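Coordinate analysis (summary)
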Amino acid sequence: MSAFIQQLPALLGVVIGALGSYWAVARGDRVRFQREREARWEERRLAVYTEYARALKQSVTLTYRVAASLGNDPHPHPLTPEEAAPLIAEATVARDPYGEALLLLGAPEVVTKAREWVVTLLEMEAFLRERIEDPQIWQALLERQRAGREGYYSAVRSDLALPPGHSARWPVLPVQAVPGSPGDPGSTAGRS
């Protein structure tokens, strides 16, 4: 019995060491699993945020083109409201699933900013459906849309812990003269 008692501290040390090793490995695995799971969901959220923004931007571009046909916007490729109607309907239907995915996976702040952006888009579409020809009102809507987009991107960056990005406020370039027109510097019209 005395031999067993003499070996008991060593045996307890082995048991405690084994339990400590098991606990350290289990904890490390749990931490790694958590990190991998967070990274996986972060990638999915980024994809949802990007897809939603792309779908909204497609609708915004269509509104620019319709506004150009009404004389409200300098977009170089105007579309009449009749030509644009099926494209706008298609874009609206296409963005709905992205909106649902955003509601499911998006952070509350991102969803709030997305709603602000899309509400402005809906107002732009309503403005065009009424065939209003008022570039000043259109410019105000454009500014609200740009602010909405900027707010959305800022919320996405904050949610994903990304560094600050570009404001997405591009200077609007003046409309260029159509080649061959009298105002075109490369035109042969008016030359001797």
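Just above sits the structure.
Now for a look at the structure at hand. What you see is a predicted model, and the numbers here were worked out from it, not measured in a lab.

Points about the packing of aromatic side chains
- A complete count under the given rule lists 5 aromatic pairs for this structure.
- Between tryptophan 117 and tyrosine 152, the ring centres sit 5.5 Å apart and the planes meet at 40°, which makes this aromatic pair tilted. With tryptophan 117 in helix H3 (residues 108–129) and tyrosine 152 in helix H4 (residues 135–159), this residue pair connects regions lying 35 residues apart in the sequence.
- These aromatic residues form a ring-pair network of at least three members: Tyr52, Trp117, Tyr152 and Tyr153.

Re H4
- The first and last C-alpha atoms of H4 sit 36 Å apart over 25 residues, in line with the 36 Å expected at 1.5 Å per residue.
- Residues of H4 that are buried: Trp138, Leu141, Leu142, Gln145, Arg146, Gly148, Arg149, Gly151, Tyr152, Ala155 and Val156.
- For H4, the N-terminal cap is aspartate 134; the gap from its side-chain oxygen to the backbone nitrogen of glutamine 136 is 3.1 Å.
- The positive-phi residue at the C-terminal boundary of H4 is alanine 161, with phi of around 55°.

Quick notes on the rules
All residue numbers here refer to positions counted from 1 along the written sequence of the relevant chain. Residue-level local features of this predicted model are given only where pLDDT is at least 70; pairs of side-chain atoms are given and counted only at 80 or more, and the full residue set underlies all totals for whole chains, interfaces and linings. Only heavy atoms go into the side-chain values, all of them from the structure, while hydrogens and water stay out. Stacked, tilted and edge-to-face are the three classes assigned to paired rings of Phe, Tyr and Trp, where Trp is represented by its six-membered ring and a pair needs centres within 6.5 Å; plane angles under 30 degrees give stacked, over 60 edge-to-face, the rest tilted. Only runs of H or I of at least four residues qualify as helices and only runs of E of at least two qualify as strands under DSSP, and these elements are numbered from the N terminus. The span you would expect from a helix comes to 1.5 Å times its residue count less one. Three labels apply to residues, based on accessible area from a 1.4 Å probe with only protein chains included: buried if under 20% of the type maximum, exposed if over 50%, partly exposed otherwise in between. N or O atoms within 3.5 Å of each other form a polar contact, as long as, within protein, one can give a hydrogen and the other can take it, and as long as residues adjacent in sequence are counted only when both atoms are side-chain atoms.

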